[in-house]
Amino acid sequence: VIAAAISSTGSARDLINRGTNGTIDLVVSSFALAESQRNIARKAPRALPVLQLIRGSLQRRVVDPPAQLVATVAQTVAPKDAPIVATALTANRPG
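This report concerns the structure included in the present document. Every value quoted in this text rests on a predicted model; they were computed, and no experiment measured them.

**Some remarks on the overall build of the chain**
Move 1: The number of helices and strands found in the chain is six helices and zero strands.
Move 2: Whereas a compact globule of 95 residues would reach a radius of gyration of roughly 12 Å, the chain reaches 14 Å, a difference of no more than 12%.
Move 3: Taking all 95 residues of the chain together, the buried fraction comes to 31%.
Move 4: Within the chain, residue pairs in contact and separated by at least 24 positions form 60% of the contacts whose partners lie at least 6 positions apart.
Move 5: Between the mean site of the 11 positive side-chain charges and the mean site of the 5 negative ones, the chain shows a separation of 5 Å.

Here is the structure:
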């Protein structure tokens, strides 16, 4: 999300564009959106308006994993990455 907001070209923006036009399904967590907001505000504030557009297009695709799953995943991956991995696992569950 951060790279897509900062650059109008490249793989990250292509991925967001494909998700926006329905070619692929994108899933994001509230954690990832908040982390993106903090990092862009600090490192590239000029990209904040683009981030808001991206957030708007992803809003219906927000999946937040259960806290217990994040804790379990943190035993296997770096704790800072656990919310992202847990989101992927949650999004991939059937039903």
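**Describing the nonpolar core**
Move 1: Counting residues in hydrophobic clusters, the biggest one holds 13 residues, and the most contacted among them are A5, I16, V28, I40, A47, I54 and L58.
Move 2: At the level of secondary structure, the elements contributing two or more residues to this core comprise α1 (2-6), α3 (30-43) and α4 (48-58).
Move 3: Every residue in contact with A5, bar those within four places of it in the chain, is listed here: R13, I40, A47, V50, L51 and I54.

**Remarks on the packing of α3 against α4**
Move 1: Put simply, α3 and α4 touch, their axes get as near as 10 Å, and they point 170° apart. Judged by the angle between their axes, α3 and α4 are roughly antiparallel. Here α3 contributes L33, A34, S36, Q37, I40 and A41 to the contact with α4, which in turn contributes L48, L51, Q52 and R55.
Move 2: Classifying every residue of the contact of α3 with α4 by side-chain character gives six nonpolar, three polar and one charged.

About the cut-offs
Residues numbered from 1 in each chain as written. Predicted model: local features only at pLDDT ≥ 70, side-chain atom pairs only at ≥ 80, totals over all residues. Heavy atoms only, no water. Helix = DSSP H or I, 4+ residues; strand = E, 2+ residues; numbered from the N terminus. Rg over C-alpha atoms; globule rule 2.2 N^0.38 Å. Buried < 20%, exposed > 50% of the residue type's maximum accessible area, 1.4 Å probe, protein only. Contact = heavy atoms within 4.5 Å. Lys, Arg positive; Asp, Glu negative; His and termini not counted. Charge placed at Lys NZ, Arg CZ, Asp CG, Glu CD. Core = buried A, V, L, I, M, F, W, Y, C linked by side-chain atoms within 4.5 Å. Axes fitted to C-alpha atoms, helices over the stretch in contact; angles between N-to-C directions. Parallel < 35°, antiparallel > 145°, perpendicular 65-115°, else oblique. Nonpolar A, V, L, I, M, F, W, Y, C, P; charged D, E, K, R; others polar.

Take it as geometry only, folks, not as evidence of what the structure does.
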